[in-house]
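# Secondary and tertiary structure notes
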Number of protein chains: 2
Amino acid sequence: MRFVRALNTCAFSLHRRVISKHFLHCSLLKPYIGAHQFSVYGTMAAVADEDSLRRALAQKQSSIDVQGGTVRQLKSSGAAKLDIEAAVQALNALKLEKASIESQLQVALAGAADGGSSSASRDAFRQAVVNTLERRLFYIPSFKIYRGVAGLYDYGPPGCSVKSNVLSFWRQHFVLEENMLEVDCPCVTPEVVLKASGHVEKFTDLMVKDEKTGTCYRADHLLKDFCKEKLEKDFSLSAEKAAELKHILAVLDDLSAEQLGAKIKEYGITAPDTKNPLSDPYPFNLMFQTSIGPSGVSPGYMRPETAQGIFVNFRDLYYYNGNKLPFAAAQIGQAFRNEISPRQGLLRVREFTLAEIEHFVDPQDKSHPKFSDVAKLEFLMFPRDDQVSGQCAKKLQLGEAVSRGTVNNETLGYFIGRVYLFLTRLGIDKDRMRFRQHLANEMAHYAADCWDAEIESSYGWIECVGIADRSAYDLRAHSEKSSVALVAQEKFSEPREVEKLVITPIKKELGLAFKGNQKMVTEALEAMEEKVAMEMKADLESKGEVEFHVCTLGKNVSIKKNMVSISKEIKKEHQRVFTPSVIEPSFGIGRIIYCLYEHSFYTRPSKAGDEQLNVFSFPPLVAPIKCTVFPLVQNQKYEEVAKLLSKSLTAAGISHKIDITGTSIGKRYARTDELGVPFAITVDSTLSVTVRERDSKDQVRVDVEKVASVVREVTDGLSSWADVLKMYPLHSSETAEE
Amino acid sequence: MRFVRALNTCAFSLHRRVISKHFLHCSLLKPYIGAHQFSVYGTMAAVADEDSLRRALAQKQSSIDVQGGTVRQLKSSGAAKLDIEAAVQALNALKLEKASIESQLQVALAGAADGGSSSASRDAFRQAVVNTLERRLFYIPSFKIYRGVAGLYDYGPPGCSVKSNVLSFWRQHFVLEENMLEVDCPCVTPEVVLKASGHVEKFTDLMVKDEKTGTCYRADHLLKDFCKEKLEKDFSLSAEKAAELKHILAVLDDLSAEQLGAKIKEYGITAPDTKNPLSDPYPFNLMFQTSIGPSGVSPGYMRPETAQGIFVNFRDLYYYNGNKLPFAAAQIGQAFRNEISPRQGLLRVREFTLAEIEHFVDPQDKSHPKFSDVAKLEFLMFPRDDQVSGQCAKKLQLGEAVSRGTVNNETLGYFIGRVYLFLTRLGIDKDRMRFRQHLANEMAHYAADCWDAEIESSYGWIECVGIADRSAYDLRAHSEKSSVALVAQEKFSEPREVEKLVITPIKKELGLAFKGNQKMVTEALEAMEEKVAMEMKADLESKGEVEFHVCTLGKNVSIKKNMVSISKEIKKEHQRVFTPSVIEPSFGIGRIIYCLYEHSFYTRPSKAGDEQLNVFSFPPLVAPIKCTVFPLVQNQKYEEVAKLLSKSLTAAGISHKIDITGTSIGKRYARTDELGVPFAITVDSTLSVTVRERDSKDQVRVDVEKVASVVREVTDGLSSWADVLKMYPLHSSETAEE
């Protein structure tokens, strides 16, 4: 996601705010390029290696050129056959050496790109996961019979079930346990709301068009692809040129439309499909636009995030919470982004489910009463400084990260800890997950701190949860636009004396001096911060006159002593009125689920050893179906027991599936392992049955009437499979396994 | 919702299908006008009453006119004072009689419109409910700080919780218990899908515009308002005129644009706000339109229903189900309708949550294995014939309704029964709920049968669930448009001999005779149904030539004997390939929730008797918060017990709220009664606490460590409050109650 910036104008600070705000929100759907391929930080050794190899290659090439000249000269001058042969041999030796350096470079490049594992094996792994997901209908390309629409996917039955389990757990873990106020707002949003938030003006990507066919491309994608291709495949690239291309990849998100356009021209990049010339880059707004009501005069958009629905309700929610801070509101819902050309399958889509929390807190007190519950947690963190100095993510204790100031405050730290617990309980591998702090240039100037939960997948490190201390920005933006005060009060138990800055513009003098511009000058004077105002006071007293920059006029004006009075006064106050800060954990549910699929997938040989079987090792909490029921043989008695079991499982709220097909038990296990079903009940007697656990393939015998409650206890997390193993006799019948 | 129909063209059957289909789907959001006000059926006695009163009124008026004339004549002819006085007295007596008839008429009208209760008391009740809902943030007009958008509402914290409870129970009751395949498809939908379903062409309402200001109105709403106003307030209306207006109200949905326009002209209806003249009615498509991707050449819409997402996935879902019928797919999600001018608050909105089931079944076997589970249920049903013959809805036993053929088939009956159980378990009053069968003119010609679950509210009878046997229409429409066969197979255990109709157009002859039209004629011949084809065969054999209507040409052509061969042949078949029928229960979640609010709301006097307190009597299943925890007095020991309780409730998954404000217990109870919280735990000792039930105000004493499990059992439906009363000692302390 990219934004056009207006760096040189006075409007900068506003734009910068808006831009950076979007940057934060948008970045949720964008893998952090710097950290996943061609890292500017991280694998420094590999970079050095690549560099020296490119230099060696260039040297070898020039040796070859020289030696080639020698051979030609010997030949043309009719030198002795033996001399010529010796020279050719030397040339061939040089070529062999060059080939060897090239293959070393190839290995080095693959290593740098993949952090070790080969690109081919990662692609093969992803293909295996995606094939299984699609074949078993975890997802389906939407409107497939009409040849689909890029960036839109359906959740098929097991996928839908996983999603609804993830969302239920999210509600339990965040909304219920933290007593959050959940709301549910519409997707259709009138323009005024998204003007206030800045989306109408700035929620854009830069686009180029094929000048002949009109096909659209993301400008940064084309430049990125060009640089990657060159770096990976062009061995004649000089070390200097390679460094330049890598630099472009690192700063790609910061390039302006002009800079992007210039690079595209410089490198002669054309439309990928037709090789036609491309237009200059221009911004394309990523919101789906529509019109509300029949008149056509009320533009609206499909919301690009759910957060705005909470911000506009702040006043009511604060009241609902008894006018007390802190409190958190939460929302789960669809969000929409009309991507220019969606790539990366399920990771970049045009419609997706977000789960967002807005935790409102007094900016003067960001402590959290439950922080001690998470302070002892240790996990991979990747602070800003470590990224810049080229280190790797490392294990930190959360409590220490907060007390040392690495994480800005307790509340932000508390949410980082809660997100860690949420993701690991879902089944995300803690060793392939890290919390990465935003770099200074990624973060809005108003933001206090920002951390992304990134999960490693075959696509690299993927941002799945953004946790940002957004300060008072959002509430202020809507306060200004709506003229409704979105503020909180702290009532003092007794009145306090407060020193207050008082700026009194002298309207008459200002009117005489500035006429039509008086209002703008007056407002700019009133808006001065304490430091600026006190400097002006001192200057006016010493010099009688001072230059003053008025943003809204875009120029300096001269302020004289008689035009403004500046002083500090002691006032008694009974309460403090302030705009709360907001700490926002924002979850891309589809991305988390996709990463969960990759982390849960493995293969193991079938018993006969003739094929590899797929398994999803979902924890019971997220498994789409909790257990299957198989009668061992087709037999009325067993089928009746199966039906009885099914009834008791339904009553216990356990999703399950009966499989009475005649296939072998082994095949039936394989089928359900591939759906990630954790438990299989084989009916092989009318009194007790065999319960088999998916990953260990351990089997125990349990009485028919106890089975439902045993399965329920394990799926509800009240006991573990280890507990079950202790309670019930192990079963090792060969008949029941593959 | 209205549709422009093309009744006289050959395309009729297609349009009719499409129209009626939409009619069915759309009607979900439209209260059945005929049944809720100015009923053409139903309260026949009231109608007769009104009729004779209007006639009496007209007679009385003409007597008054005559007597008035007499008085004038007496006065002008200078008659005796006594004679004049007597005549005036007679005139006044007539006027009094007229006034008395007028007030009788007023009562009769109110009775007919409200089914007994007065319109004023219904409005007052609704206002009380809506005020409470809005004050306690069950809902919030969306984007309120920007003055909102008509037809868009947020669910605030308690409303969001009720909604999520209703949806969870829906999943448990339908998806889990019936083993349905749940899917989750995007809201953004490409045009081709909605062209196939007919929405692009026909999903319209008729709109008129104020010719000067451009303000838009629904044409039928203006005509309806005019008729209602006249009928309610114009006592000079003749019985004939009244009958005419009532007829219009009854057939309002069937009027064409031309007919509506003519009536608007005839009655001189103008724009309500400005009295300006109105444009002719024209169709306005109710879908929110947008554009997919950056090029602007791929139109898309926000889906108007979730059903299409299931239909387009039929092939994959059938495969997922092991290529077996019957099976059901389900989807919960947002749907969008860009209403011209939303009215009726939460009942007609522009974005809403639908929960839809598509149950696919062999058209030759619509029996249901679990029908006996619901056959004994008895509830209010309103069959077509009873509506037409002016009876009321009456209690029927579902099993009998199916066996007598009132309900078309067992599967449809099964779903009617399951919907009844669903709604009553949510807390809908079974005596204010009925299943109304669609009249012939409401139903698509292809539909086998259609029943709406209607719930009575202060707005009248509201359609909340539609249950339709839609036959094979939807799958066929998508098969045709996508050229992907959406069919099922029945494999025969041994091959069957089948007599098959074989129609062989002789292309050469047809080409000679029809040239460019040959293809259309050929296709029409091939599409003949058996009866038509056999008649043609007979006619061709007897007459050698026959007139044949070709729909796609819009005219008759002459078919000669040498142009087509028609015969019946015996073929061996190994399987039967057919398009499944679909039975579709479709739930308007927001409407159900609104009706539930009305059915759950009551007031009772406070203990002091000085005010009326609001209560929502939600069953624990749907209550937004299951219990509250109050320390009786502000005291560290009690607050610690409260915190302990809170922990154990959270662990048990029970949503709850601690209230440690210093207010009286009575006030705290009132506050939570108004949120519909079923249980309150008052901490008045460190060992055992008081648990109070909301509606009975009964209190029992329960040990601290048992409380969480007692509350969980009742809220999970494993035990009832009556069970709790038997188990635990009743508590009658005055201190704890208001």
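Residues numbered from 1 in each chain as written. Chains lettered and ligands numbered in written order. Predicted model: local features only at pLDDT ≥ 70, side-chain atom pairs only at ≥ 80, totals over all residues. Heavy atoms only, no water.

With that out of the way, let us pick up the pattern of salt bridges. Residues and elements named next belong to chain A. Applying the stated criterion across every chain, the model contains 97 salt bridges over all chains. One salt bridge connects Asp 684 with Arg 701, and the closest N-O pair in it is separated by 3.2 Å. Here Arg 701 lies in strand β28 (residues 699–703) and Asp 684 lies in the loop between β26 (679–683) and β27 (688–693), a separation of 17 residues in the sequence. Among the residues examined, Asp 684 registers a relative accessible area of 17% and is labelled buried. Sharing partners across several salt bridges, the network here consists of Asp 205, Arg 218, Asp 220, Glu 339 and Arg 348. (Salt bridge = Lys/Arg side-chain N within 4 Å of Asp/Glu carboxyl O. Helix = DSSP H or I, 4+ residues; strand = E, 2+ residues; numbered from the N terminus. Buried < 20%, exposed > 50% of the residue type's maximum accessible area, 1.4 Å probe, protein only.)

All names here are of chain B. In spatial order, the strands read β6-β5-β7; together these three strands make up an open sheet with antiparallel pairing. Edge strands, defined here as strands with exactly one partner in the open sheet, are β6 (216–218) and β7 (282–285). For this sheet, the mean angle separating the axes of adjacent strands, direction not counted, is 55°. Across three bridges, the pairing between strand β5 (residues 204–209) and β6 is antiparallel. What sits directly across from Val 208, in β6, is Tyr 217. Against the sheet, helix α9 (residues 219–233) engages β5 and β6, with an angle of about 65° to β6. (Pairing = 2+ DSSP bridges. Axes fitted to C-alpha atoms, helices over the stretch in contact; angles between N-to-C directions. Contact = heavy atoms within 4.5 Å.)

Let's shift gears to the packing of aromatic side chains. Residue and element names in this part refer to chain A. Counting across every chain of the model gives 54 aromatic pairs over all chains. Look at Phe 174 and Phe 422: their rings are 5.5 Å apart centre to centre, the planes differ by 55°, and that puts the pair in the tilted class. One end of the pair, Phe 174, is in helix α6 (residues 157–176); the other, Phe 422, is in helix α16 (residues 410–426), with 248 residues separating them in the sequence. Since its relative accessible area comes to 0%, Phe 174 is described here as buried. Its relative accessible area of 0% is what places Phe 422 among the buried residues. Against the face of Trp 461 rests Arg 434, its NZ or CZ located 4.0 Å from the ring centre. (Phe/Tyr/Trp six-rings, centres within 6.5 Å; stacked < 30°, edge-to-face > 60°. Lys NZ or Arg CZ within 6 Å of the ring centre and 35° of its normal.)

Another aspect to go through is the packing of helix α9 (residues 219–233) of chain A against helix α11 (residues 257–266) of chain A. Residue and element names in this part refer to chain A. The interhelical angle for the contact between α9 and α11, taken along N-to-C directions, is 40°, at an axis separation of 10 Å. When the axis of α9 is compared with that of α11, the two are oblique. Between α9 and α11 lies a crossing whose hand is left-handed. Every residue of α11 that contacts α9 at Ala 219, Asp 220 and Leu 223 is listed here: Leu 260, Lys 263 and Ile 264. Of the residues contributing to the contact of α9 with α11, the split by class is four nonpolar, no polar and two charged. (Parallel < 35°, antiparallel > 145°, perpendicular 65-115°, else oblique. Left-handed = near helix turned anticlockwise from the far one by under 90°. Nonpolar A, V, L, I, M, F, W, Y, C, P; charged D, E, K, R; others polar.)

Residues and elements named next belong to chain B. Across the interface, helix α6 (residues 157–176) lies against helix α21 (residues 589–600) with an axial gap of 11 Å and an inter-helix angle of 115°. With respect to α21, the element α6 is oriented roughly perpendicular. Relative to α21, the crossing made by α6 is right-handed. In this structure, α6 contributes Gly 159, Val 162, Lys 163, Val 166 and Leu 167 to the contact, and α21 contributes Ile 589, Ile 593 and Tyr 597. Residue composition of the contact of α6 with α21, grouped by class: six nonpolar, one polar and one charged.

In this numbering, the UniProt entry assigns the feature "domain: Aminoacyl-transfer RNA synthetases class-II family profile" (unreviewed entry) to residues 123–605 of chain A. Taken end to end, residues 123–605 of chain A is 36% helix and 30% strand, and its first and last C-alpha atoms sit 21 Å apart. (UniProt positions renumbered as here; feature names shortened; annotations may be inferred.)

Here we come to the relation of the copies chain B and chain A. Between chain B and chain A, which share one sequence, the superposing operator has a rotation angle of 180° and an axial displacement of 0.0 Å; the RMSD is 0.2 Å. As the rotation angle and translation indicate, the two copies are arranged about a two-fold axis. No C-alpha of chain B approaches the rotation axis more nearly than that of Thr 290 of chain B, which lies at 2.7 Å. When you check the interface residues of chain B against chain A, 100% turn up at the interface there too, and the contact is symmetric in its surfaces. (Least-squares fit on C-alpha atoms with pLDDT ≥ 70 in both.)

To continue, consider the pairing of strand β5 (residues 204–209) of chain A. Residues and elements named next belong to chain A. Of all six residues making up β5, five are buried, and the element is well covered by its neighbours. For β5 and strand β7 (residues 282–285), the ladder comprises four bridges, and the chain directions are antiparallel. Within β7, the residue paired with Met 207 across the bridge is Tyr 282. Here β5 folds back onto strand β6 (residues 216–218) in antiparallel fashion, the turn holding six residues, of which Gly 214 has a positive phi close to 85°.

A few words now on the environment of Leu 245 of chain B. Residues and elements named next belong to chain B. By the element assignment, Leu 245 lies in helix α10 (residues 239–251). In this structure, the C-alpha to C-alpha distance between Leu 245 and Lys 224, residues 21 residues apart in sequence, is 8.9 Å. Contact partners of Leu 245, with chain neighbours within four places excluded, come to Cys 227, Lys 230, Leu 231, Leu 237 and Tyr 267.

On the side of chain A, 76 residues touch chain B, which itself brings 76 residues to the contact. Summed over both sides, the interface between chain B and chain A buries roughly 6300 Å², with carbon and sulfur atoms accounting for 64% of that surface. Its largest share of buried area at the contact with chain A, chain B owes to Ile 145, Tyr 146 and Tyr 320 of chain B, together 13% of the area lost on that side. Put simply, Asp 184 of chain B and Lys 163 of chain A hold a salt bridge, and the shortest N to O gap is 2.4 Å. There are 20 residue pairs in polar contact (both at pLDDT 80 or more) connecting chain B and chain A. (Buried area = accessible area lost by both parts, 1.4 Å probe. Polar contact = N/O pair within 3.5 Å; in protein donor to acceptor, adjacent residues only side chain to side chain.)

Once that is clear, we can look at helix α11 (residues 257–266) of chain B. Helical geometry: 3.6 residues make up each α-helical turn, so side chains three or four residues apart lie on a common side. Residues and elements named next belong to chain B. Within α11, burial applies to Ala 257, Leu 260, Gly 261 and Ile 264. Around the axis of α11, the buried residues are gathered within 100° of arc, so they sit on the same side. Remark: Gly 268 follows α11 within two positions and exhibits a positive phi of approximately 65°. (Arc of directions from axis to C-beta.)

Turning to the environment of Ala 271 of chain B, a few remarks are in order. Residues and elements named next belong to chain B. You can see Ala 271 is positioned in the loop between α11 and β7. Along the backbone, Ala 271 and Asp 205 are 66 residues apart, and their C-alpha atoms lie at a distance of 17 Å. When residues no more than four places from it in sequence are discounted, the contact partners of Ala 271 are Asp 210, Tyr 217, Asn 276 and Leu 278.

Below, the discussion takes up the side chain of Ser 142 of chain B. Here Ser 142 of chain B shows up in the loop between β1 (139–141) and β2 (153–155). When its relative accessible area of 0% is taken as the criterion, Ser 142 of chain B is described as buried. Sequence-distant contacts of Ser 142 of chain B, that is, excluding residues within four places in its chain, are made with Pro 186 of chain A together with Gly 148, Val 149, Leu 152, Tyr 153 and Asp 154 of chain B.

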